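# Residue-level structural notes
Listed below, chain by chain, are the residues.
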Amino acid sequence: MEFFDEFPTMGRSDLRDLKKAIDGGFRSFSRAYGEGLENFFDPLLHFLVWFERLLTNTPWPIVLLVISGLVWLGSRSWVMVVGTLICFSVIGYLDMWEDTMATLAIVSVATAICILIGLPVGILMARSNKTQAAITPILDVMQTIPSFVYLIPVVMLLGIGKVPGLLAVCIYALPPMARLTNLGIRLVDKEVLEAATAFGADYRQKLFGVQIPLALPTIFAGVNQTIMMALSMVVIASLIGVAGLGVPVLRAVSNQYLALGLMNGLAIVALAIIFDRVSQRFGQRMQAHRDQGAGH
Amino acid sequence: MTNKRLLTLAAGAAALAFSASGAMAQDSCGSVSMAEFDWPSGELLANVDKIILEEGYGCDVQLVNGGTTTIFASMNEKGEPEVAGELWINAVRDLLEKGIDEGELKIVNDGPITGLGEGWWVTPKFAEEHPDLDTVEKLLEHPELFPYAEDESKGAFIGCPAGWGCQLINANMYRAFDMEEKGWELVDPGSAAGLDGSMAKAAERGEPWFGYYWAPTAMIGKYEMVLLPFEVDYAGDENWNGCIALAEQDCEDPQKTAWTKSEVRTVVTDEFAEKAGPAQDYLSKRIFPGEIMNKMLVYMQDEQASGEDAAYYFLENHEDIWTEWVSDEVVSKVKEEL
């Protein structure tokens, strides 16, 4: 009867041995390769530190000017520029400037890395069903595994601070980029592709001349998703000592400081909205050019 | 065969009898919410209490997870949870005294664990290689020995995660010892996992590590970390409670001081004290010897035991200790459950 009442388990001690073996294995791996891995990521760390210093040490009017310039370049909209200026001024006035710059640095770098990796991965996935079937479960794991679970090995290997934090953010934020690139390319009309083939376009020409431009709206949706997820993950990354807006949010949660939590949380929202609107406008403009081209 | 069957029958009967008596006793103790502090000794202690109170005294225990400040604030303001088994009172001393004066809270145990200590620790390899730097003050002159990965010109001092009482203390001590001018960076590890991870990583690889921790803990026991004594004496309660332990803006001029003596209490709400007489006797009698606690913590880490697993292990393997805390009747009730 017992067999039916209780699910047969491996047994306490066997299970414990299994866990210990995995841990022991990882520990010796970390002892053997941890330092090497850390050195491998050194340039990234230096870049991150340099970038953050650049943002925090440059006089704030110049930073505001550059950000407005970038917003203008991306969106070509005065409303966006003014809105951004107001947001950043309020952030600075409420004494969140340095944390915001730290967050901005890590989110920008994380987004860039996610796009650099996610775009080719998405293209690869779109090329063959087998690749897609192989990569999708990996993306599922990356996106849904509770972040604490992979923060543990990351901290053992690389310690606390920016690099492990950046890795955590990238693991979480990369999947939508790959998924939506894949989806966008797959949704491109077969007849358009046949036409391109008929005109003698080779694979590269089809990819860059037809598929990617037509998939742009979906790809940009992926970029947006990645940015949003990177921003939300920055708060979790503060659990392993990443400086930025996440730290005060964490402090606010553990001490029940409502105002502190709300202000820093809203600063993250402001960053998210700015990032989102600018990248969307930028995407729309790129597609507007395409429509014009098609019209001629 | 028959023997075995008899045994099963007996056990079944005992379980029945027990659950009946448990249900009856529950009326006297009722449901109790207990803090399960989010560090291993806190988890173990809460689970040992839970098992003994449930099985031995018929309480119905819910564990509430949290850190010192969170739990204490909730206890003080809302009377929930009703029991904090391992409350490190240094961080909340003033509020606790106020709560006791007002009759809301009650200390039932002045030292549930012996042999405690907080302070600043270094890795054993470092202590061995630098026998001359054997006090905090001497070490503070050499930030270059602990290069900070994100700024190599500075020394990294790993502080305490946000939300723990010790975070404020470390930040004020950092100011009191002019550590910023001396070239130190106060690194926020972000969380308990971050703090442990950074220490474990350094100790496993033989790298230098200087930061805050407390004992008895598995981390200190396992890595044989070395506590650095201070050269200055303890500069008095006024400096500590009135400044060092407060938020930075409330502490204008922190004085150099040795670390205050760590004090842990078991605190209950007045309501619990009224309704749970015998259970409260247990709480006042249970004292974990520091050395046993250390062993238990290393066990928890080595075996990856949860607080609950470790509590059962403790009850099974350290009978000589816990049977001293409770009456024979309770001992037999709890033993039946094991």
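Fair warning: this is a prediction, and the values are worked out from it, not measured in the lab.

### A short note on the state of the cysteines
- All told, the structure shown has 2 disulfides over all chains when counted by the stated rule.
- For Cys160 of chain B, the disulfide goes to Cys166 of chain B, at an S-S distance of 1.8 Å.
- Taking relative accessible area as the criterion, Cys160 of chain B reaches 3% and is therefore assigned buried.
- Disulfide pairing is shown between Cys243 of chain B and Cys251 of chain B; the S-S distance is 1.8 Å. Between Cys243 of chain B and Cys251 of chain B, the disulfide has an S-S torsion of 85 degrees and is therefore right-handed. The pair Cys243 of chain B / Cys251 of chain B is uniform in exposure class, with both members buried.
- Cys170 of chain A takes part in no disulfide bond, and the closest cysteine sulfur to it belongs to Cys114 of chain A, at a distance of 4.2 Å.
- Judged by its relative accessible area of 8%, Cys170 of chain A is buried.

### Some points on the UniProt feature "transmembrane region" (unreviewed entry) in chain A
All names here are of chain A.
- Summarizing the sequence annotation, UniProt attributes the feature "transmembrane region" (unreviewed entry) to residues 54–73, 78–96, 102–126, 147–174, 207–223, 230–250 and 256–275 in the numbering used throughout.
- Between the C-alpha atoms that bound residues 207–223 the distance is 19 Å, and the span itself is 100% helix and 0% strand.
- Helix makes up 62% of residues 230–250 and strand 0%, and the two end C-alpha atoms of the span are 17 Å apart.

### Focus on the pattern of salt bridges
- Enumeration over the complete set of coordinates arrives at 25 salt bridges over all chains.
- One salt bridge in this structure joins Arg179 of chain A and Asp140 of chain A, with 2.8 Å as the shortest N-O distance. In this pair, Arg179 of chain A sits in helix α9 (residues 162–186) while Asp140 of chain A sits in helix α7 (residues 129–144), placing the two residues 39 residues apart along the sequence.
- Judged by relative accessible area, Asp140 of chain A falls into the partly exposed class, the value being 35%.
- Here Arg286 of chain B makes a salt bridge to Asp49 of chain B, at a shortest N to O gap of 2.7 Å. Within this pair, whereas Arg286 of chain B is found in the loop between α12 (277–285) and α13 (290–303), its partner Asp49 of chain B is found in helix α2 (residues 40–57), the two being separated by 237 residues in sequence.
- Given the relative accessible area of 0%, Arg286 of chain B is considered buried.
- Shared partners join several salt bridges into a network, and the residues in it are Glu38 of chain A together with Lys201, Arg205 and Glu207 of chain B.

### Focus on the UniProt feature "domain: ABC transmembrane type-1" (unreviewed entry) in chain A
- Here the UniProt-annotated "domain: ABC transmembrane type-1" (unreviewed entry) positions come out as residues 100–279 of chain A.
- Overall, residues 100–279 of chain A shows 87% helix and 0% strand. The separation of its end C-alpha atoms is 19 Å.

### Section: the environment of Thr58 of chain A
All names here are of chain A.
- Structurally, Thr58 is set in the loop between α3 (42–57) and α4 (60–75).
- Residue contacts for Thr58: discarding those within four places in its chain leaves Arg53 and Val63.
- At a separation of 2.3 Å, a polar atom in the side chain of Thr58 contacts the main-chain carbonyl oxygen of Leu54.

### A closer look at the domain arrangement of chain B
Residues and elements named next belong to chain B.
- Assigned domains of chain B: these are domain 1 (31–115 + 263–317 + 332–337) and domain 2 (117–250).
- When each unit is reduced to the centre of its C-alpha atoms, the spacing between domain 1 and domain 2 is 28 Å.
- Across the contact, 16 residues belong to domain 1 and 14 residues belong to domain 2.
- Summing the contributions of domain 1 and of domain 2, the shared interface buries around 1400 Å²; its carbon and sulfur component is 57%.

### Here we look at the interface of chain B and chain A
- Every contact between the two is made by 29 residues of chain B and, on the other side, 32 residues of chain A.
- Around 2500 Å² of area is buried between chain B and chain A when both sides are counted, 47% of it from carbon and sulfur atoms.
- When the buried area of chain B at its contact with chain A is split by residue, Glu150, Glu204 and Arg205 of chain B rank highest and sum to 27% of it.
- One can count 8 salt bridges joining chain B with chain A.
- Measuring nitrogen to oxygen at the nearest pair gives 3.4 Å for the salt bridge that ties Arg27 of chain A to Glu204 of chain B.
- Where chain B meets chain A, there are 12 residue pairs in polar contact (both at pLDDT 80 or more).
- Looking at the side of chain B that touches chain A, the elements that each hand over two or more residues are α3 (68–78), α8 (192–205) and α13 of chain B.
- Per element, the largest residue contribution to the side of chain B that touches chain A is 8 residues, and it comes from α8 of chain B.

Procedures and definitions
Residues numbered from 1 in each chain as written. Chains lettered and ligands numbered in written order. Predicted model: local features only at pLDDT ≥ 70, side-chain atom pairs only at ≥ 80, totals over all residues. Heavy atoms only, no water. Disulfide = S-S within 2.5 Å. Buried < 20%, exposed > 50% of the residue type's maximum accessible area, 1.4 Å probe, protein only. UniProt positions renumbered as here; feature names shortened; annotations may be inferred. Helix = DSSP H or I, 4+ residues; strand = E, 2+ residues; numbered from the N terminus. Salt bridge = Lys/Arg side-chain N within 4 Å of Asp/Glu carboxyl O. Contact = heavy atoms within 4.5 Å. Polar contact = N/O pair within 3.5 Å; in protein donor to acceptor, adjacent residues only side chain to side chain. Domains from an automatic or database assignment. Buried area = accessible area lost by both parts, 1.4 Å probe.

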